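Each chain is listed here by its residues.
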Amino acid sequence: QVQLIESGGGLVQAGGSLRLSCAASGRSFSTYVMGWFRQSPGKEREYVAAIWGSGGSTYYAGSVEGRFTISRDNARNTVSLQMNSLKPEDTAIYYCAARPSPVLTTLPTKYDYWGQGTQVTVSS
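Now for a quick tour of the structure.

On to the overall build of the protein. Within the protein, the secondary structure is distributed over zero helices and 11 strands. In the protein, the order of α-helices and β-strands from amino to carboxyl end is β-β-β-β-β-β-β-β-β-β-β. Relative to the 2.2 N^0.38 estimate, which gives 14 Å for 124 residues, the radius of gyration of the protein is 13 Å and therefore close to what a compact globule would have. Dimensions of the protein along its principal axes, counting C-alpha atoms only, are 40 × 30 × 25 Å. The 124 residues of the protein split such that 44% are buried.

See below:
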């Protein structure tokens, strides 16, 4: 069983930055693909970014590529999402998710463990 706890959300003006963190419990963290997803009211949960267990490869949604950076620290069981040049359309609840598999996927249904989410609000 893996527990995930996100932190770092908040209110920021357009063009600003936020850094989200996710702390994971449990063993074998370094073998999990870790992802970030987001969900706005009335919309489906949307893939944002993911990183392989080793941290060597990452994959981003087109809407955030070049603005967001995902990283992980396997020694501390944490994964982070640095968000720069934020836009009002980035407003959402952001979720950290873990997939106990070496295969990366953008499908939220393929992730087994989820955090409770953290609100990010970007004002115009």
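Text resumes after the structure shown.
Bringing the pairing of strand E5 (residues 46–51) into the picture now. In terms of burial, E5 is largely enclosed, as five of its six residues are buried. Where strand E4 (residues 33–39) meets E5, five bridges bridge the pair, whose relative direction is antiparallel. Residue pairing for E5: arginine 38 is matched across the bridge by glutamate 46. Hairpin connection from E4 to E5: six residues lie between these consecutive antiparallel strands, with glycine 42 at a positive phi of about 80 degrees. Looking at chain direction, E5 and strand E6 (residues 58–60) are connected through three bridges and run antiparallel. Paired with alanine 50 across the strands is tyrosine 59, a residue of E6. Between E5 and E6, which pair antiparallel and follow one another directly, the connecting turn spans six residues, one of which, glycine 55, has a positive phi of 85 degrees.

A word on the side chain of arginine 67. Looking at where arginine 67 falls in the secondary structure, it is placed in the loop between E6 and strand E7 (68–73). Taking relative accessible area as the criterion, arginine 67 reaches 11% and is therefore assigned buried. A distance of 2.7 Å separates a polar atom in the side chain of arginine 67 from a polar atom in the side chain of aspartate 90. Dropping the residues within four chain positions of it, arginine 67 is found in contact with Gln82, Met83, Asn84, Ser85, Leu86, Lys87 and Asp90.

Here the focus is unusual backbone geometry. Phi angles above zero are rare outside glycine, and asparagine 77 is one such case at about 55 degrees. Residue classification places asparagine 77 among the buried residues on the basis of a relative accessible area of 18%. Phi at serine 85 is positive, roughly 50 degrees, even though this residue is not glycine. With respect to the helices and strands, serine 85 occurs in the loop between strand E8 (78–83) and strand E9 (92–99).

About the cut-offs
- Residues numbered from 1 in each chain as written.
- Predicted model: local features only at pLDDT ≥ 70, side-chain atom pairs only at ≥ 80, totals over all residues.
- Heavy atoms only, no water.
- Helix = DSSP H or I, 4+ residues; strand = E, 2+ residues; numbered from the N terminus.
- Rg over C-alpha atoms; globule rule 2.2 N^0.38 Å.
- Buried < 20%, exposed > 50% of the residue type's maximum accessible area, 1.4 Å probe, protein only.
- Pairing = 2+ DSSP bridges.
- Polar contact = N/O pair within 3.5 Å; in protein donor to acceptor, adjacent residues only side chain to side chain.
- Contact = heavy atoms within 4.5 Å.

All we've got here are geometric facts, nothing functional implied.
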